[in-house]
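Below, each chain spelled out in residue letters.
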Amino acid sequence: MSMSDESITCPFDYSEALDFDPELAAIMERDSLTRIRLPYGDAGAWLVTGFRSVQQVCSDQRFSRAQIMGRDYPRMTPEPIVSPESINVMDPPHSSRVRRMVARPTRRAASTRRCPSTTT
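Given the structure is predicted, the values throughout are model-derived calculations rather than measurements. (Residues numbered from 1 in each chain as written. Predicted model: local features only at pLDDT ≥ 70, side-chain atom pairs only at ≥ 80, totals over all residues. Heavy atoms only, no water.)

### A word on the overall build of the protein chain
Part 1: From N to C terminus, the protein chain includes 4 helices and 3 strands.
Part 2: Its helices and strands taken in sequence order, the protein chain reads β-α-β-β-α-α-α from the N to the C terminus.
Part 3: Burial status across the protein chain gives 24% buried among its 120 residues.
Part 4: The contacts of the protein chain with a sequence gap of at least 6 include a subset with a gap of at least 24, amounting to 48%.
Part 5: Total accessible area on the protein chain stands at roughly 8,900 Å², and carbon and sulfur atoms take up 55% of it. (Helix = DSSP H or I, 4+ residues; strand = E, 2+ residues; numbered from the N terminus. Buried < 20%, exposed > 50% of the residue type's maximum accessible area, 1.4 Å probe, protein only. Contact = heavy atoms within 4.5 Å. Areas by Shrake-Rupley, 256 points an atom, 1.4 Å probe, with all protein chains shown as cover.)

### Structural notes on the packing of aromatic side chains
Part 1: Evaluated as defined, the whole model comprises 1 aromatic pair.
Part 2: When the ring of Trp46 is compared with that of Phe63, the centres are 6.5 Å apart and the planes differ by 75 degrees; the resulting orientation is edge-to-face. Highlighted residues: Trp46 in strand β3 (residues 45-48) and Phe63 in the loop between α2 (51-58) and α3 (94-103), separated in sequence by 17 residues.
Part 3: Relative accessible area serves as the criterion here: at 31%, Trp46 is assigned to the partly exposed category.
Part 4: One Lys or Arg, Arg35, reaches over the ring of Trp46 and ends 4.7 Å from the middle of that ring. (Phe/Tyr/Trp six-rings, centres within 6.5 Å; stacked < 30°, edge-to-face > 60°. Lys NZ or Arg CZ within 6 Å of the ring centre and 35° of its normal.)

### Here's the deal with unusual backbone geometry
Part 1: Across the junction of Pro92 and Pro93, the peptide omega takes the value 10 degrees, indicating a cis bond.
Part 2: By the element assignment, Pro93 lies in the loop between α2 and α3.

### Things to note about the pairing of β3
Remark: a regular strand shows side chains that alternate across the two faces of the sheet.
Part 1: Only one face of β3 is buried, namely the one carrying Ala45 and Leu47, since none of Trp46 and Val48 on the opposite face is buried.
Part 2: For strand β2 (residues 32-37) and β3, the ladder comprises 4 bridges, and the chain directions are antiparallel. The residue bridging Thr34 from the neighbouring strand is Leu47, located in β3. (Pairing = 2+ DSSP bridges.)

### With respect to the environment of Tyr73
Part 1: Following the sequence through the fold, Tyr73 ends up in the loop between α2 and α3.
Part 2: Setting aside anything within four residues of it in sequence, one finds Tyr73 in contact with Tyr40, Gly41, Ile68, Pro80, Ile81 and Val82.

### So, the confidence of the model for the protein chain
Detailed reading of predicted coordinates is not advised where the pLDDT is low.
Part 1: With 86% of its residues at a pLDDT of 70 or more, the protein chain has an overall mean of 81.
Part 2: Taking the mean pLDDT of every element in the protein chain, the minimum, 66, falls on strand β1 (residues 2-9) and the maximum, 90, on β3. (pLDDT = per-residue confidence, 0-100.)

Here is the structure:
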């Protein structure tokens, strides 16, 4: 994973069938971290492409999701739409605990107890 110092204005504006915007497609080919500027918020953001890069960013505390709370963070909408209680702004280990708690009732054994006809 390499980092790019360039800053690109986002959103990418392209609506040719299902093709990606050419600039976005070029960034995706590089598999790099790229600085982007979103329409709202006081800071730039990082656009991350490639599976391994996304894995690395998701486990790196420098890219904390919880740190955006109370700040004018980069976003696509004029008004912030994130609640401090949302799982998408929690960092591990808190997010891991909440995911495990929510996943428990949906496991096969729990689902079968609630609705026996769902067994395969």
